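# Understanding the architecture of this molecule
Each chain is listed here by its residues.
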Amino acid sequence: MSYLYYVIGPSGAGKDSILNAARKRLESGGDIAFAHRYITRPADAGGENHVALSIEAFQARKKRGLFCMHWESHGLCYGLGVEIERWLDAGLSVVMNGSRGFLHQATERFEDALIPVSIEVDGAILRQRLKQRGRENGDEIEQRVQRASAFKIEHPRLVRIENNGLLDDAVATFCEHMIHESGHVTVS
């Protein structure tokens, strides 16, 4: 069966690092596709590998029905293209960077295929990572840490992956779960 792995977690939890490493290990097998998000953020903004769009280009794609999911968060627009549906129909499992706040939208759209994967990190480690990346001031960091601890995710197929230690350990756990659930056996 094809699955949609909807990867979520607070900013600073390591989602992008895990997704980038998992892509290198799994994508060459041909049974797993990694979706890019369309975001109204410059391509050189760092972090996630995404397709950068102006607000006007984003709205034009949205109007034409080219997103299977879209949302706004932190002053940016995010979208996932309808290609995800075609990939699932073709028998591929798809991995995507989602949003905790819009898990309900993904559940409604992809109920049977959806497997939410929550990347979790202890508050002290999250605080340290946010300070190191230097995008937020002290108050903003504290707000993010508080929001992360207050945000509760419930889903019957939720997979939790702790990313408090070595990145390779979290990546291995993520890849092993995908291989086990999807029946994929090729790992590079």
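In short, a report on the structure. (Residues numbered from 1 in each chain as written. Predicted model: local features only at pLDDT ≥ 70, side-chain atom pairs only at ≥ 80, totals over all residues. Heavy atoms only, no water.)

### A short note on the pairing of strand E6 (residues 76–81)
The element E6 is largely enclosed, with a buried count of six among its six residues. The alternating pattern of E6 places Leu 76, Tyr 78 and Leu 80 and Cys 77, Gly 79 and Gly 81 on opposite faces, both of which are buried. Looking at chain direction, strand E3 (residues 38–39) and E6 are connected through two bridges and run antiparallel. Across the sheet, residue Ile 39 finds its bridge partner in E6, namely Tyr 78. Bridge count for strand E5 (residues 67–73) against E6 is six bridges, and the pairing is antiparallel. (Buried < 20%, exposed > 50% of the residue type's maximum accessible area, 1.4 Å probe, protein only. Helix = DSSP H or I, 4+ residues; strand = E, 2+ residues; numbered from the N terminus. Pairing = 2+ DSSP bridges.)

### Remarks on helix H6 (residues 138–150)
Taking 1.5 Å per residue, 13 residues should reach 18 Å; H6 reaches 18 Å between its end C-alpha atoms and fits that length. Ile 141, Val 145 and Ala 148 are the residues of H6 that are buried. Buried residues along H6 cover an arc of 65 degrees about the axis, so they all sit on one side. Seen from the open side of H6, the exposed residues pointing more than 90 degrees away from its buried face are Asp 139, Gln 143 and Ala 150. Its buried side turned inward, H6 meets helix H5 (123–133). Among the residues of H6, the N-terminal cap falls to Asn 137, whose side-chain oxygen and the backbone nitrogen of Asp 139 are separated by 3.0 Å. (Expected span 1.5 Å × (residues − 1). Arc of directions from axis to C-beta. Contact = heavy atoms within 4.5 Å. Polar contact = N/O pair within 3.5 Å; in protein donor to acceptor, adjacent residues only side chain to side chain.)

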